[in-house]
Structures are given as structure tokens and as C-alpha cells.
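Residue-level listing of the chains:
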Amino acid sequence: MTENLIIFNARVVTPIGFSARCGREMEEICIMDDATVEVTGGVITYVGPNRGEDRDGYYQRYWHYNARGKCLLPGFVDSHTHFVFGGERAEEFSWRLKGESYMSIMERGGGIVSTVAATRNSNFIQLRGKAEGFLKDGMTDIKFASQYASTRPSGGDKKTREVGFYGTGSFELLGRYFLNGSYKSAGSSRFGSDHRFAPVWSAGIGWNVDKESFMGNVSWLNMLRLRFSVGSTANVTFSPYQAMTTYNYTTDLIHYAGIGAVPITMGNPDLNWQITMKYNWGLSATLFNERINIDASYYKNKTKDALMPISLPWSVGVSSVQVNMGKLENSGCEFAISAHVIKQKGFFWMVTVNGSHTMDKLTNVSTALKSIEVAQSLGARPSLMFQEGGSQFGIHAMRTAGIDPASGKEIFINSKGEYTFDYDKDERVEVGNSNPILEGSIFSSLSYKGFTLNITTGYKFGGDAYNNTLADKVENINPWENVDRRAFTDRWKEPGDLKRFLGIPESKSDNKRYSERFVERDNLFEIRNISINYEFKPEWLKRFGVKRLNVGFGMNDIARFSSMKLERGTSYPFERSFNITFRPTF
């Protein structure tokens, strides 16, 4: 910046002195009220009491701004904390995704150095914003201005208020029977005037079976507790003004009578809370002198009044309105088993296995939601579709009989069971489900004479996935770019070829043909983490004045064994990390 600037009537907080300071030197600060900061040629030339400045604007070679008591921090702001900066570095994000280091980007002229240079080379007009021509006193947001000094800014307003009243209690009898409960009245301004508050409650009971007299002779059982709980939750997951009709005033619609407005939302004064009833049955047990611990539960959740959009005629001005129409049910089971396999002096081995399975069903779906396809974020994966009686984990594609050896075209199967070469997106059905039968992790810890080895693995099986590596990198390709070798070895080339993939396309116009051919079983076992540590004996460390010393080495994402060959790192850089730990205690 080369402009001259005076900011007056400010509260100035700045380090004492005239040289660069760091560390504890920054603690010596000066605070001045009714102060002025003067900048000449881009350099701060004066910090001190006001010198008679009394108006905004440009005169006598300086821009003058009245801070009106707001705080200025000259001397504290560095190149990473500028609220206003010049230039843009969006391209650097793509470089980082390709694996470039920050240092290499700096060598190319990027990084924070480029921001500093762009800011210094920007003039004051480029770094400031000025809005003029507000049509009404109440329209104070900057987006309501009629004209701007440079580019047009955008703005918005979101205000919500929430309040709640909460109570809880518990009861225990003879150390065997337990009862607890809670109640909360939650209120939010997001809902209609008649439904601001929702009752949220829970209740649970427990029974320590091992405390009963008839369990006295069961020596191998240390603890057995049965439990049941039921309760409700209320969710607020939408923007603040869905219950009221709102409009967007836009300066694009200014005319001689004033400023025009277009609808944003069609209000629904009956908008209610989305309530989910949760039921949980479970048990906890400890066996064989606490060598085995078991925890298992089964849950069922029923959601009513789920918020869903319903379609409206275009003449209304908006395409949909939020209403309480949806119903969703899901249930599942979870378990965790921990066992001390070996528990001897100087030698210890513990294994923990956990897993879960979820079952879900959409019981009521609005027509607007049925027509909406929720786009997936990665490549050629098919969009999510919502159907009554279906699953939110369903994979929808058109059924297929494979590639016709004679013509090289794909043979699709429609809902009537007829074979056709024509793809129809309305003929898509659920051909797989990404929800696995069981998924979880296995943790193992082995200790011996100061050494500790920890291994964490994960597993899942029984689910399906749409292999977008095959869809994006093998079939729907640009033959003039780098592609998977299977794009040329496993494709149909001439009549009589029995191949899995279509011939090389002349264009990518067919890349949204979601086919059953790419749905594969997604079974997975992965070694997520391995770490080894050693704890030195205290008597070895006394001579060095150290109480404890622990050193270790660890690795993440070590191995992956999958039934589906899937390319990784296409949307976010894939990395395998290593770490070394050194923890002394003095």
C-alpha cells in the first residue's frame, strides 16, 4: 500500500518501543484512548493522541477515518492475521492436492509471501469497500446499497433464540434395582408460533442380577446387569426462518417506485419439532475374575414429523416448503468384548473386539423428496434416491445383462424384465446396499518387561459399494488422457469379444449411466495402526535426574485387504504416516 491514511478517535493497543519485538517483550504494551494512527506512504509514522481530526473523507493528502472508539492494534498484525488482504491463492489448493509441499509452492512464488506482495501492491481503493444509496433506514445490511466503490458484496441475517428447562433424578434400591429419569422443555424461535416448545424426556431401569441370592453359587460370573431405557430427542437442523415467509430484496429490481423483492421461503406456521423416540435394551457382564468383559445392546429409533420438502406450483414463487411429513425407523445392535487372554507377572495380553449393525427403513417420503436426487461428492457414484420402504443406504442403478459380444453395447434390463440397449434413468432400482452386515474394530495390546505392542485393525463385510474407480478410470474416460491400463486391455474392441467394459467412447456423454456392473461386494480388513513403546526402569534413570522415560514408534494405515479394488487418494491426498515418541518426566 502506498496511500496515506489517518485513523482517529481509536483505542490503540501497541507494544512499547520503536523496534521489532517478540516473545515476552510483547507483554510490554501501551493502551491509549482517543488516539490517532497515521500512515504515510504505507509506513506507520505516528501513533499518539488525537491532533484535531474531526471528519471523514479525503483531504490534505490523507484518507481520514473516524474509528469511533474501536480498537486498533498497530504492531501486532502480521501477514497471517490481516483481515484485509490482496490477491488470491485458490490455485495453491490444487497444487497441495497433487502432493506438492508448502516449501515447493513458496519456491514457485506462492504461499504467504505472495499474499504479502499482493497486499503491498494493492491500492487503498482496491482494499476498501464503500456502499451508497440505502433506500430505507431499516435496510442497513451492506447488500441493500444502490452502488459500490468496487465489487458488490453479499450479506445475510440469521438470528435464533433457544431456551430450555431441565430436571433429572435417580433412585437405587438394595444395590440391585436402579431407576433414573430426566425431563427437558426445549424451546426455539425456528418453529411456528404454536410449536415453539418440545418435551424431551428419558427414563431407564437397571437390574444387577448378580446381586440376587439365586446367583450366589455362580462363581464364574462376577457381574451381570440388565438395562432398558426409553426417551425422546428433538432436533433443530434447518435454517432459522423456515416457519415464516421471507423475501430477498435485490438491487437488480430497483425501479422508480422503490426496490423489488422475490420470495425466499414460503412460511409454515405449523412447523413442528422433529421427534425421535429411542429404545435401548442392553446387558453388561464380567466373567472369570474380570478376565472377560461383555457389553451388548439392541436399539430401535422411530422418527416422526421429520422435516421434508413438498412441491409447490411455480406460481407461488418458491419450488417447495418444509413440512413435518417424514417418518424413519432404524434399529441395530452393538457389542464390545474385552478379554485378558494372558495375565501373568511381567506378561500381559488383552484383546478387544467391537462391532455393530444398522437396519433402517424409510416409512414415509414426500413427493418432493422422492424427486430429489442427492448428488454424491465423488466421481461417477450414483445419486442417493429416497423411496418408501427402502433404505437410505441403497445403491440405485439400472439392471444389466452385461456387454453384447456382437455390438459392444450394454444390455439393460427394465422393470418388466425386458432386454434393451436403451438406458432409462427412471428404470433404476436398488441393486445393492452399502450398509454392511457387520463392521467394527479389533484392538490387541501385548506387554512384556517394559515393551508394549498395540495393534488396531478394522473390518466390515456384507455390504456393497459402487466402484467408481472402474466407472471413472476405466470406462468413462477421455482416451487422450492418462487412464487405467484396463481401459485398453479389458474393453470390447471387435465382434465376438467377451469383455466387462464398453468400447472406448468418443466422448464422455454417457458417464451418468449408472450400471449394475459396477456394484461389488465391499468386504474389508485393514491394519490401521501399529505402535511399539518401551518404558525404561526408574532405577536406570535416577543417575540422569529423570523419573520416567517412554520411547516409541508407530505407523498408520499399514495394510488393506479388500474384495474390491478401489483407487484411493483421488478426492483427498492419501498418506501413510509414521511417528516417533520420546516422553521424559523430570
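## Brief notes about the overall build of the protein
Working step 1: Helix and strand counts for the protein stand at eight helices and 28 strands.
Working step 2: A fraction of 62% describes how many contacts in the protein between residues 6 or more apart in sequence connect residues 24 or more apart.
Working step 3: Carbon and sulfur atoms form 55% of the exposed surface of the protein, whose accessible area is close to 36,400 Å².

## Considerations on the confidence of the model for the protein
Working step 1: Taken residue by residue, the protein gives an average pLDDT of 79. The fraction at 70 or more is 78%.
Working step 2: The model gives residues 374–380 a pLDDT under 50, and that stretch makes 16 contacts with residues more than four places away or in other chains.

## So, the pairing of strand β10 (residues 177–188)
Working step 1: One ladder, built from 12 bridges, connects strand β9 (residues 162–173) with β10; its direction is antiparallel. In the sheet register, L173 faces β10, and the bridge partner there is Y177.
Working step 2: As consecutive antiparallel partners, β9 and β10 are separated by three residues, and within that stretch L174 has a phi angle of approximately 60°, a positive value.
Working step 3: Pairing of β10 with strand β11 (residues 197–208) involves 11 bridges; the strand directions are antiparallel. Bridging from a neighbouring strand, G181 pairs with A203 of β11.

## Remarks on helix α3 (residues 112–121)
Working step 1: All of the buried residues in α3 are I112, T115 and T119. Summarising the axial view, the buried residues of α3 lie within an arc of 50°, below the 170-degree limit, and thus occupy one face. In α3, the exposed residues that point more than 90 degrees away from the buried face are R120 and N121.

## A closer look at the nonpolar core
Working step 1: Formed by 14 residues in total, the largest nonpolar core has its most connected members in Y423, Y466, L470, F501, Y514, F518 and V519.
Working step 2: For this core, the element with the highest residue contribution is helix α6 (residues 468–475), accounting for three residues.

## Quick word on the pattern of salt bridges
Working step 1: This model, assessed by the stated rule, comprises 12 salt bridges.
Working step 2: The shortest N-O distance in the salt bridge between E475 and R517 comes to 2.6 Å. Of this pair, E475 sits in helix α6 while R517 sits in the loop between α7 (486–489) and β26 (519–535); the two residues are 42 residues apart in sequence, bridging distant segments of the chain. Each of the two residues, E475 as well as R517, counts as buried.

## A few points about the environment of P49
Working step 1: Along the chain, P49 turns up in strand β3 (residues 43–49).
Working step 2: On the basis of relative accessible area, P49 is assigned to the exposed category, the value being 53%.
Working step 3: Residues P49 and A35, spaced 14 residues apart in sequence, show a C-alpha to C-alpha distance of 4.2 Å.
Working step 4: Apart from the residues within four sequence positions on either side, P49 is in contact with D34, A35 and T36.

## Notes on the packing of aromatic side chains
Working step 1: Within the structure shown, the criterion is met by 13 aromatic pairs.
Working step 2: Look at F451 and Y534: their rings are 4.4 Å apart centre to centre, the planes differ by 45°, and that puts the pair in the tilted class. Taken together, the residues span a long stretch of sequence, with F451 in strand β25 (residues 451–466) and Y534 in strand β26 at a distance of 83 residues.
Working step 3: A relative accessible area of 44% places F451 in the partly exposed class.
Working step 4: Each ring, one from Y466 and one from Y514, has its centre 6.2 Å from the other, and the planes form 80°; the classification is edge-to-face.

## Section: α6
Working step 1: Of all eight residues in α6, six are buried, a share of seventy percent or more.
Working step 2: Where α6 is concerned, the buried positions are N468, T469, L470, A471, V474 and E475.
Working step 3: Of the surrounding elements, those touching the buried residues of α6 are β25, α7 and β26.
Working step 4: Of the residues flanking the start of α6, the one acting as N-cap is N467, its side-chain oxygen 3.1 Å from the backbone nitrogen of T469.

## Regarding the pairing of β26
Working step 1: Here β25 pairs with β26 via 14 bridges, running antiparallel. Counterpart to Y459 in the pairing with β26 is F525.
Working step 2: Where β26 meets strand β27 (residues 548–562), 11 bridges bridge the pair, whose relative direction is antiparallel. Residue pairing in the sheet places N533 in a bridge with G552 of β27.

## With respect to the sheet that holds strand β20 (residues 399–403)
Working step 1: Pairing is antiparallel in the open sheet, where three strands are placed in the order β20-β21-β22. Each edge of the open sheet carries a strand with a single partner, namely β20 and β22 (419–420).
Working step 2: Relative to strand β21 (residues 410–413), β20 runs antiparallel, the two being bridged by four bridges. Among the inter-strand pairings, G402 is bridged to a residue of β21, identified as I411.

## What to know about the environment of A306
Working step 1: Relative to the helices and strands, A306 is located in strand β16 (residues 292–311).
Working step 2: Owing to a relative accessible area of 10%, A306 belongs among the buried residues under this scheme.
Working step 3: Separated by 31 residues in sequence, A306 and I275 have C-alpha atoms that sit 7.4 Å apart.

## What to know about the side chain of R428
Working step 1: Mapped onto the elements, R428 comes out in the loop between β22 and β23 (429–433).
Working step 2: When its relative accessible area of 6% is taken as the criterion, R428 is described as buried.

## Quick word on a nonpolar patch on the surface
Working step 1: A contiguous nonpolar surface patch, about 950 Å² in accessible area, is contributed by F171, L173, L174, Y177, L179, I205, W207, F214, L226 and L283.
Working step 2: Contributions of two or more residues to the nonpolar patch are made by β9, β10 and β11.
Working step 3: Mapped onto the fold, L226 is located in strand β12 (residues 221–235).

## Re the environment of I105
Working step 1: Within the element layout of this structure, I105 appears in helix α2 (residues 102–107).
Working step 2: Overall, the relative accessible area of 1% leaves I105 in the buried class.
Working step 3: In this structure the C-alpha to C-alpha distance between I105 and E92, which are 13 residues apart in sequence, comes to 7.3 Å.
Working step 4: Not counting residues within four places of it along the chain, the set of residues in contact with I105 comprises E92, W95, R96, E100, G110 and G111.

What counts, and at which threshold
Residues numbered from 1 in each chain as written. Predicted model: local features only at pLDDT ≥ 70, side-chain atom pairs only at ≥ 80, totals over all residues. Heavy atoms only, no water. Helix = DSSP H or I, 4+ residues; strand = E, 2+ residues; numbered from the N terminus. Contact = heavy atoms within 4.5 Å. Areas by Shrake-Rupley, 256 points an atom, 1.4 Å probe, with all protein chains shown as cover. pLDDT = per-residue confidence, 0-100. Pairing = 2+ DSSP bridges. Buried < 20%, exposed > 50% of the residue type's maximum accessible area, 1.4 Å probe, protein only. Arc of directions from axis to C-beta. Core = buried A, V, L, I, M, F, W, Y, C linked by side-chain atoms within 4.5 Å. Salt bridge = Lys/Arg side-chain N within 4 Å of Asp/Glu carboxyl O. Phe/Tyr/Trp six-rings, centres within 6.5 Å; stacked < 30°, edge-to-face > 60°. Polar contact = N/O pair within 3.5 Å; in protein donor to acceptor, adjacent residues only side chain to side chain. Patch = residues over 30% accessible without salt bridge, like charges linked within 9 Å, V, L, I, M, F, W, Y side chains within 5 Å.

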